[in-house]
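Listed here are the chains, written in short residue letters.
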Amino acid sequence: MMRKQELSLVLITLAWGFLSSAWTMVSLPWSFVQIGWIAGPLIVLCFALATFYTTHLLFKSESVSYLDAVRVHLGDSRVKFYKFFIYFNRFGAAISSTISGSTCIMAIIRCNCLHRSGGDDPCHIKGIIYMISFGILEIFLSQIPELDKQWWFSVFAAVMSFSYSTIGLGLGVSKIIENRGDIQGSWTGIDVLPNQKFWRVFAAVGNIAFGYSYFQILIEIQEKMKSPPPQSKSVKTAMLISVAVTTMYYLACGSLVYAALGENSPGNPLMDFDFGFRNPFWLLDVANGAILLHLAGVYQTYSQPIFSAVEQTAARLFPHSSFVNAEVKISIPMMSPPLRINGFRLVSRTAFVVVTTLFSTIFPFFTDVGGLIGALVFWPLNMYFPLEIYIAEDKIHKWCRKWIFLKMLSTLFLLVSIGAAVACFAAVITDLMVYKPFSFSI
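The text that follows walks through the structure, step by step, so that each part is easy to find. This structure is a prediction, so every number in the text was calculated from the model and none was measured.

## As for the overall build of the chain
And then number 1: Scanning the chain for helices and strands turns up 14 helices and two strands.
And then number 2: Expressed as a percentage of its 442 residues, the buried residues of the chain come to 54%.
And then number 3: The contacts in the chain between residues at least 6 apart in sequence include a share of 82% that link residues at least 24 apart.
And then number 4: Working note: accessible area of the chain is about 19900 Å², and carbon and sulfur atoms make up 69% of it.

Spelled out as structure tokens, the structure:
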């Protein structure tokens, strides 16, 4: 039987895993379209095993946080390198949340329009106003200090993720039954020209990598739970269960939807009614509503640490500034304690949301942008730093078997990440060639 603390740690870790992995759950069928039944599940399992292995090595460190481990074992010079990718990942997640969150609002409106018209009206909807609406929501939420540290907030967002993922699974099963058990898709993926196939495969790998970009959050949970040192059995158990359960959901969502829709599987089958699911409309409304609420939480989960870093730096540079440090308390019904408003917080956090919203209107390409972010951050955060920390802390000698194995593993994923990044960047450029700024629509 699990101890109470261990069970709590497992549940919170699972919540963070589901909270941070939404993009992969909805876009994985598109990845399977590119790489097929053979390579699809194998690549997901490879990323899962690599993530588990390097997380296991990092949790063996005596350091209390990922950042401390980098500073102690690799030096201050690589701390800047680490921080760049951490904040890039968080900034990219905010952009992806805005793109997908606004698309959810549009999908709900379009789904009801299609239902009312019986499919006679294509019901295309322009998205700029809905991106702005999502941004306004995030401006309000961003003024709540340390929202990401509220356990209920993470669990609520994770429940939303679990809900729409389960709806997606159910719709996939129902579609397979409707097809009389005829499994769609192919063993090797979509049949296109060889050069297109090469880039599509790597773009799909980038999307899968994005699903494991929540890795660096796991070691932070140990601090939040005030658990024993990272080598404790509790943390390892929580880590294993989180990676295993999220991977299981990845495979289930990817496989069932791909089996149901085949090579027509879109980047998000719950929002694309031309190639994805269209009925029952009310269930799709529920699913997209859950995605919207979930992504509102994801945005804050990834952005609040950026806010904190900026505000702490400002407080250190301007210790006597009332604009930076003074707070005004505002009582809001049904909210305790009162909301604390600070001038610098209001301006800086609003500016951040405006910038991410602007980027989202310029690059509203959910699948390609997500793949690019995943490709760029997976290797440094999931492979390079954990392996280098382990080599330094355990004093592994150069050219011994273990050192060669670890370096080969790191190099392999570096090459895969480079290929995926180039493929996704090329896809974004291709998208921009045909896209008119601020004209996003579904």
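## What to know about the pattern of salt bridges
Any two side chains of opposite charge can pair, so long as their charged atoms come close to each other.
And then number 1: Per the stated rule, a full pass over the model turns up seven salt bridges.
And then number 2: Note that Asp 76 and Arg 71 form a salt bridge whose closest N and O atoms lie 3.8 Å from each other.
And then number 3: A salt bridge links Arg 345 to Glu 327, with the nearest nitrogen and oxygen atoms 2.6 Å apart. With Arg 345 in helix α12 (residues 343–362) and Glu 327 in strand β1 (residues 327–330), this residue pair connects regions lying 18 residues apart in the sequence.

## Description of α12
And then number 1: In this model α12 runs 29 Å from its N-terminal to its C-terminal C-alpha over 20 residues, within 8% of the 28 Å that 1.5 Å per residue would give.
And then number 2: Burial in α12 covers these residues: Phe 344, Arg 345, Ser 348, Arg 349, Phe 352, Val 353, Thr 356, Thr 357, Ser 360 and Thr 361.
And then number 3: On its buried side, α12 packs onto α4 (76–117), α5 (128–142), α10 (281–317), α11 (322–325), β1 and β2 (339–342).

## Here's the deal with the packing of aromatic side chains
And then number 1: Counted by the stated rule, this structure contains 28 aromatic pairs.
And then number 2: For the pair Phe 81 and Phe 385, a centre-to-centre distance of 5.4 Å together with 50 degrees between the ring planes defines the contact as tilted. With a gap of 304 residues between them, Phe 81 in helix α4 and Phe 385 in helix α13 (residues 366–393) connect regions that are remote in the sequence.
And then number 3: Given the relative accessible area of 31%, Phe 81 is considered partly exposed.
And then number 4: A relative accessible area of 0% means that Phe 385 is categorised as buried.

## Quick look at a nonpolar patch on the surface
And then number 1: Residues Ile 128, Ile 129, Ile 132, Ile 136, Leu 358 and Phe 438 make up a contiguous nonpolar surface patch of about 540 Å² in total accessible area.
And then number 2: No other element matches α5, which puts four residues into the nonpolar patch.
And then number 3: Judged by relative accessible area, Leu 358 falls into the partly exposed class, the value being 42%.

## A word on the state of the cysteines
By definition, a disulfide is the covalent link that joins the sulfur atoms of two cysteine residues.
And then number 1: Applying the stated criterion across every chain, the model contains one disulfide.
And then number 2: Through a disulfide, Cys 113 is tied to Cys 123; the S-S separation comes to 2.0 Å. Between Cys 113 and Cys 123 the disulfide shows an S-S torsion of about -70 degrees. By sign, it is left-handed. Taken together, the residues Cys 113 in helix α4 and Cys 123 in the loop between α4 and α5 connect sequence positions ten residues apart.

## Structural notes on the side chain of Asp 368
And then number 1: For Asp 368, the location among the structural elements is in helix α13.
And then number 2: With no salt bridge to any partner, buried Asp 368 finds its closest opposite charge in Arg 200, at an N-O distance of 9.4 Å.
And then number 3: In this view, Asp 368 contacts Cys 424, Ala 427, Val 428 and Asp 431; residues no more than four positions away in its chain are not counted.

## What about unusual backbone geometry?
And then number 1: The phi torsion at Lys 395 lies on the positive side, around 55 degrees, for a residue other than glycine.
And then number 2: Residue placement: Lys 395 occurs in the loop between α13 and α14 (401–434).
And then number 3: Even without being a glycine, Trp 399 presents a positive backbone phi close to 70 degrees.
And then number 4: One can find Trp 399 in the loop between α13 and α14.

## Side note on the environment of Gly 297
And then number 1: With respect to the element layout, Gly 297 can be found in helix α10.
And then number 2: A C-alpha to C-alpha distance of 7.2 Å links Gly 297 and Phe 153, two positions 144 residues apart in sequence.

## A closer look at the packing of helix α3 (residues 66–74) against α13
Axes are the key here: two packed helices are described by the angle between their axes and the distance separating the axes.
And then number 1: As a packed pair, α3 and α13 sit with axes 9 Å apart at the nearest point and diverge in direction by 50 degrees. Taken together, α3 and α13 sit at an angle that is classed as oblique. Pair α3 / α13 crosses with left-handed handedness. Contacts between α3 and α13 involve Tyr 66, Ala 69, Val 70, His 73 and Leu 74 from the first element and Pro 380, Leu 381, Phe 385, Pro 386, Glu 388, Ile 389, Ala 392 and Glu 393 from the second.
And then number 2: Within the contact of α3 with α13, the residues separate by chemical class into ten nonpolar, one polar and two charged.

## Comments concerning the nonpolar core
And then number 1: Counting 102 residues, the largest nonpolar core has Val 44, Phe 47, Val 70, Leu 270, Met 383 and Phe 413 as its most contacted members.
And then number 2: Residue contributions to this core peak at 16 residues, all from α13.
And then number 3: Once you skip the residues sitting within four places of it in the chain, Phe 47 turns out to touch Val 205, Ile 208, Ala 209, Tyr 212, Phe 378, Phe 413 and Val 416.
And then number 4: Among the nonpolar cores identified, the runner-up in size contains six residues, and Leu 141, Phe 153, Ala 296 and Leu 339 belong to it.

The rules behind each value
- Residues numbered from 1 in each chain as written.
- Predicted model: local features only at pLDDT ≥ 70, side-chain atom pairs only at ≥ 80, totals over all residues.
- Heavy atoms only, no water.
- Helix = DSSP H or I, 4+ residues; strand = E, 2+ residues; numbered from the N terminus.
- Buried < 20%, exposed > 50% of the residue type's maximum accessible area, 1.4 Å probe, protein only.
- Contact = heavy atoms within 4.5 Å.
- Areas by Shrake-Rupley, 256 points an atom, 1.4 Å probe, with all protein chains shown as cover.
- Salt bridge = Lys/Arg side-chain N within 4 Å of Asp/Glu carboxyl O.
- Expected span 1.5 Å × (residues − 1).
- Phe/Tyr/Trp six-rings, centres within 6.5 Å; stacked < 30°, edge-to-face > 60°.
- Patch = residues over 30% accessible without salt bridge, like charges linked within 9 Å, V, L, I, M, F, W, Y side chains within 5 Å.
- Disulfide = S-S within 2.5 Å.
- Lys, Arg positive; Asp, Glu negative; His and termini not counted.
- Axes fitted to C-alpha atoms, helices over the stretch in contact; angles between N-to-C directions.
- Parallel < 35°, antiparallel > 145°, perpendicular 65-115°, else oblique.
- Left-handed = near helix turned anticlockwise from the far one by under 90°.
- Nonpolar A, V, L, I, M, F, W, Y, C, P; charged D, E, K, R; others polar.
- Core = buried A, V, L, I, M, F, W, Y, C linked by side-chain atoms within 4.5 Å.

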